[in-house]
Amino acid sequence: MNEEISRPESPVPRLMLFVTGDAPRSVRARKNLSGALDKLELDEVTPMEIDLLDQPEQTVAYSVFATPALLRTDALGEMSVLYGDLSDEDKLHDFLQNLPEASD
Amino acid sequence: MKNKGWQLVKRPTGIAGLDEMTHGGLPRGQTTLVVGEMSAGKTVLGLQVLASAIAEGGSGIFISFEESPDQIRRNADSFDWGQALNESKDWSIVDARMPLDAEHSGDFGIEGLLAAIQSKASSFRDPWVVIDGVDQLLQRQSDRIRAIDQIRQLNECCERHDWTMLLSGKVGIDRVAPKFLEGIEFMLPTVLNLYATTIDGRLHRYIRVGKYRGSSHREGDMPMLITDKGIQIPAEIDTSSTSSGIVDERVGTGIPRLDELLDGGIYRGSSVLISGRPGTAKSTLAASFAEAAAKRDERALYISFDELQAPFVRNLASIDIHLQQHIDDDKFRFYARTSSTCVIARHLLEIEALIDEFEPHILVIDPVSALAKAGSPEAARNGVEQLLTYARMKGITSLVTSLTSDDDIEQESTTGMVSTIADTWIVLGYHMRGGERNRSLSIVKSRGSGHSNQQRELLLSDDGVNLEDIYEFGSDVLMGTAREQKDSEERREKAREELERAERRHELERRIDEARNQAERLSRELELEDRLVRVLEEESNRHARSIRRRRQPEARGEKTGDDK
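Residues numbered from 1 in each chain as written. Chains lettered and ligands numbered in written order. Predicted model: local features only at pLDDT ≥ 70, side-chain atom pairs only at ≥ 80, totals over all residues. Heavy atoms only, no water.

Novice: Give a description of the overall build of chain A that names residues and reports values.
Specialist: The number of helices and strands found in chain A is four helices and four strands. Listing each helix as α and each strand as β along chain A from the N terminus yields α-β-α-β-α-β-β-α. The burial tally for chain A puts 47% of its 104 residues in the buried class. The long-range fraction of contacts in chain A, counting pairs at least 24 apart against all pairs at least 6 apart in sequence, stands at 68%. As presented, chain A carries roughly 5400 Å² of accessible surface, and 47% of it is formed by carbon and sulfur atoms. (Helix = DSSP H or I, 4+ residues; strand = E, 2+ residues; numbered from the N terminus. Buried < 20%, exposed > 50% of the residue type's maximum accessible area, 1.4 Å probe, protein only. Contact = heavy atoms within 4.5 Å. Areas by Shrake-Rupley, 256 points an atom, 1.4 Å probe, with all protein chains shown as cover.)

Here you go:
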């Protein structure tokens, strides 16, 4: 399996949400993320959602084995990850601080 | 995919000792938890199972939560199956390490992991799934119950997809399962526990089947080694199934007098213990035994923890035990080992390998008590028992020596224990007397043989090894010069007694002669006395007649005739 090809074409989206179908945690994560983006007035940010049930190879490509997971790419291409259903609002807000300028 | 739904089907791991412990392998389509401390061998176990499977045409997935794929490959490469594994396309390593700065916000699950396994598994046929270091994932769960749920989820997924999974996790130094593994051991059907403890600065590893639901298995800790071959667990020999038939044949010890004492020699396939203090000629006796075998055209394997081959062979030649020729003919093999260089389990494994390779008729381990230096006395005892059983099972006659010493309790206890296993027990000793040290030999026990209970003197000379009858002296036995001295003392005493008797006889005869002379003398005196009496009587008569004549002269003429 060639992992490079399976990566989305650049530019890399600033935010990626890894979910597994409509599992309760995934549903909560979606809801919590969009709530936070609203609150932080980051309406222009559209997270890219990856459903690992449909694209299981993406788990390996992004090394995301715990779900849900929110992946953030900064201007230099560095990635950081926040696991969980994003129910800890403070941590989520911290994670979303200083998102790079929209490139998507 | 399953054959008969609920039935337990075992899948061999390819690790012989483990398959033997688990009576056939690990449960197919289920999760086996492998828990152990750091460096107990969890990762190697997983890799080796994959390597064995792949060598047999199988496949596998290795999911690492701890080490990078390169580290895993390097790890595998240090074993002799590593290269084949690293070159194989039938397995895949998944780097599942969490980013160092990963944060959590709320609850998370392992569906991503399951999706990854599923994705990988679909490209292999019937793969083993190894998840290494699952503690790294679970410890991020704030809630213990959630961690347990996730393991259950994994196990159910295994059942659903018929994956056979090894799940490894670390436990603390004191073997206490960390919080996130609590409960998991209870939930999974099979648990393997790996331990590593340090004794005298050496790492001793053990493996135990902690539980195996629905299957019999061997209980208790088994020593485990990690060698070039990977994990090795010395096979436990089932004594009830030992195939060697009872043999009536006896084999000679190389010392005819000793064979006589043993009622003809040692039973083939039995075991002999020779114990004694240093310098009592244990090795010499053992070498004599081995040489006798080689002379019978049999093979003898001599494992020495004391000596090197060259001086050993040279020294024995001085007492007419010639091994070099048998070494050249490959009838005699000598292996010098150092007891303290490795743990007992490794000694056992390597000695068993030597036995398998050489297939000897005679096995000598000299001294077996040295094994106590490679571990605890209990481990040494178990090790000796295993070796002797292994030899017996193969019909090999074994002779082990054991050093006895008042100062060394460990070795002493080994001797005590081996003496209960061995069929024949010969004790060698010294007798100190008159500034002289003499070797003695006595047979303490010999199962199934009438044997002499007498102590003998063991003599080593240019002519070889021999036994000499001891000299009984009251309740003591005499040996060496004392024996000879005592011998000549007795002779002198006897001579002196004879002389005395002769003297006494002579004296009596002399006295008889004397008495006889006296009797003669007295007889002669008596005769003289008698004669004197008669002379006096005649004189007296004559005197009386003359008086009468003078008084009666008238009667003189008439009586002339009477006066003659």
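Novice: Help me get a handle on the packing of aromatic side chains, residues and values and all.
Specialist: All names here are of chain B. For the structure on display, the rule yields eight aromatic pairs over all chains. Ring geometry for tyrosine 302 versus phenylalanine 332: centroids 5.9 Å apart, planes at 45 degrees, classification tilted. Placement of tyrosine 302 in strand S16 (residues 300-304) and of phenylalanine 332 in strand S17 (residues 332-336) is noted, with a sequence separation of 30 residues between them. You can call phenylalanine 332 buried: its relative accessible area is 2%. (Phe/Tyr/Trp six-rings, centres within 6.5 Å; stacked < 30°, edge-to-face > 60°.)

Novice: Tell me about the sheet that holds strand S11 (residues 222-227) of chain B, and please be specific about residues and values.
Specialist: All names here are of chain B. Strand order in this open sheet of nine strands is S5-S4-S7-S8-S3-S9-S10-S11-S12, and the pairing throughout is mixed. Edge positions in the open sheet fall to strand S5 (91-95) and strand S12 (230-232), since each of these has one partner strand only. Averaged over all pairs of adjacent strands, the angle between strand axes in this sheet comes to 20 degrees, irrespective of strand direction. For strand S9 (residues 190-199) and strand S10 (residues 202-212), the ladder comprises 10 bridges, and the chain directions are antiparallel. Within the sheet, the bridge partner assigned to valine 191 lies in S10 and is lysine 211. Along the sheet, helix H3 (residues 69-77) contacts strand S4 (59-64) and S5; its crossing angle with S5, the most-contacted strand, is approximately 135 degrees. Contacting S4, S5, strand S7 (127-132) and strand S8 (164-170), helix H5 (residues 111-121) crosses the sheet at an angle of about 155 degrees to S4. (Pairing = 2+ DSSP bridges. Axes fitted to C-alpha atoms, helices over the stretch in contact; angles between N-to-C directions.)

Novice: Kindly report on the environment of valine 191 of chain B, identifying the contributing residues and their values.
Specialist: Residues and elements named next belong to chain B. Here valine 191 lies in strand S9. According to the relative accessible area criterion, valine 191 is buried, its value standing at 3%. In sequence terms valine 191 and serine 168 are 23 residues apart; their C-alpha atoms lie 9.7 Å from each other.

Novice: An account of the pattern of salt bridges is needed here, citing residue identities and associated values.
Specialist: With the rule as written, the count across this model stands at 39 salt bridges over all chains. Across the salt bridge formed by glutamate 66 of chain B and lysine 170 of chain B, the nearest N and O atoms sit 2.3 Å from each other. Note that glutamate 66 of chain B is positioned in the loop between S4 and H3 and lysine 170 of chain B in strand S8, a separation of 104 residues in sequence. A relative accessible area of 24% means that lysine 170 of chain B is categorised as partly exposed. Note that glutamate 514 of chain B and arginine 510 of chain B form a salt bridge whose closest N and O atoms lie 3.3 Å from each other. Here glutamate 514 of chain B and its partner arginine 510 of chain B are both found in helix H16 (residues 480-551), four residues apart, which amounts to about one turn of the helix. Members of the salt-bridge network, linked through shared partners, are Arg25, Arg28 and Asp85 of chain A together with Asp107, Glu111 and Arg146 of chain B. (Salt bridge = Lys/Arg side-chain N within 4 Å of Asp/Glu carboxyl O.)

Novice: Would you mind going over empty space enclosed by the protein in detail, with residue names and values included?
Specialist: Residue and element names in this part refer to chain B. This model, assessed by the stated rule, comprises three cavities of 30 Å³ or more. One number sums up the size of the largest cavity: a volume of about 50 Å³. Lining the largest cavity are Thr253, Leu258, Ile266, Ile274, Leu285, Phe289, Leu399 and Ile426. Across the lining of the largest cavity, the residue classes break down as seven nonpolar, one polar and no charged. (1 Å grid on protein atoms, 1.4 Å probe; cavity = no way out; pocket = protein on both sides within 12 Å on 5 of 7 lines; lining within 4 Å. Points joined across faces, edges and corners; volume = space filled by probe spheres on them. Nonpolar A, V, L, I, M, F, W, Y, C, P; charged D, E, K, R; others polar.)

Novice: Break down unusual backbone geometry for me, with residues and values.
Specialist: With an omega of -5 degrees, the peptide bond between threonine 67 of chain A and proline 68 of chain A qualifies as cis. Residue proline 367 of chain B is bonded to the preceding aspartate 366 of chain B through a cis peptide linkage, with omega at -15 degrees. By secondary structure assignment, the location of proline 367 of chain B is in the loop between strand S18 (362-366) and helix H14 (377-393). Even without being a glycine, leucine 86 of chain A presents a positive backbone phi close to 65 degrees. Here leucine 86 of chain A is to be found in the loop between strand S4 (79-83) and helix H4 (89-96). A relative accessible area of 2% places leucine 86 of chain A in the buried class. Although it is not a glycine, histidine 23 of chain B adopts a positive phi angle of roughly 55 degrees. Examined against the element boundaries, histidine 23 of chain B turns out to sit in the loop between helix H1 (16-21) and strand S2 (26-27). Residue classification places histidine 23 of chain B among the partly exposed residues on the basis of a relative accessible area of 42%.

Novice: An account of the layout of surface pockets is needed here, citing residue identities and associated values.
Specialist: Residues and elements named next belong to chain B. By volume, the largest pocket is sized at about 610 Å³. Along the walls of the largest pocket sit 28 residues, with Ala16, Lys229, Ile231, Gln232 and Leu349 positioned nearest its centre. When contributions to the lining of the largest pocket are tallied by element, the ones reaching two or more residues are H1, helix H2 (42-55), helix H4 (82-87), S12 and helix H13 (344-358). In terms of residue count, the dominant contributor to the lining of the largest pocket is H13 (six residues).

Novice: Please set out the interface of chain B and chain A residue by residue, giving values where relevant.
Specialist: Listed by partner, the interface residues are 24 residues for chain B and 26 residues for chain A. It is Glu103, Ser105 and Asp107 of chain B that lose the most area in chain B upon contact with chain A, and together they represent 27% of the buried surface on that side. Counting the contacts that link chain B with chain A gives four salt bridges. Here glutamate 111 of chain B makes a salt bridge to arginine 25 of chain A, at a shortest N to O gap of 3.2 Å. Mapped onto the side of chain B that touches chain A, the elements with two or more residues apiece are S5, strand S6 (103-104) and H5 of chain B. If you tally residues by element for the side of chain B that touches chain A, the top one is H5 of chain B, at seven residues. (Buried area = accessible area lost by both parts, 1.4 Å probe.)

Novice: Outline the sheet that holds strand S20 (residues 424-433) of chain B, listing residues and values.
Specialist: All names here are of chain B. Pairing in this open sheet of nine strands is mixed, and the strands run S17-S16-S18-S19-S15-S20-S21-S22-S23 from one edge to the other. Unpaired on one side and paired on the other, S17 and strand S23 (464-469) mark the two borders of the sheet. Neighbour-to-neighbour, the strand axes of the sheet open up by a mean angle of 25 degrees, direction not taken into account. As paired elements, S20 and strand S21 (residues 436-446) share 10 bridges and run antiparallel to each other. What sits directly across from tyrosine 430, in S21, is arginine 439. With respect to the sheet, helix H10 (residues 282-295) is in contact with strand S15 (271-276), S16, S17, S18, strand S19 (397-403), S20, S21, strand S22 (456-461) and S23, its orientation differing from that of S19 by roughly 170 degrees.

Novice: Can you break down the packing of H13 of chain B against H14 of chain B residue by residue, with the values?
Specialist: All names here are of chain B. Close contact between H13 and H14 brings their axes to 10 Å; oriented N to C, the two are set at 10 degrees. As summarised for this structure, H13 and H14 are arranged roughly parallel, according to the angle between their axes. Considering how the two elements wind past one another, H13 and H14 form a crossing that is right-handed. From H13, Ile344, Leu348, Ile351, Glu352, Ile355 and Asp356 reach across to H14, where they touch Ala379, Ala380, Gly383, Gln386, Leu387 and Tyr390. For the contact of H13 with H14, the per-class residue count stands at eight nonpolar, two polar and two charged. (Parallel < 35°, antiparallel > 145°, perpendicular 65-115°, else oblique. Left-handed = near helix turned anticlockwise from the far one by under 90°.)

Novice: Kindly report on H10 of chain B, identifying the contributing residues and their values.
Specialist: In a regular helix each residue adds 1.5 Å, so 14 residues correspond to 20 Å; H10 of chain B covers 20 Å between its end C-alpha atoms and thus fits that length. Within H10 of chain B, 13 of the 14 residues are buried, which leaves it mostly tucked inside the rest of the structure. (Expected span 1.5 Å × (residues − 1).)

Novice: Give a detailed account of the nonpolar core, specifying residues and quantitative values.
Specialist: Formed by 51 residues in total, the largest nonpolar core has its most connected members in Ile63, Ile117 and Ile131 of chain B. Not counting residues within four places of it along the chain, the set of residues in contact with isoleucine 117 of chain B comprises Ile61, Ile63, Val129, Ile131, Leu154, Trp163 and Met165 of chain B. (Core = buried A, V, L, I, M, F, W, Y, C linked by side-chain atoms within 4.5 Å.)

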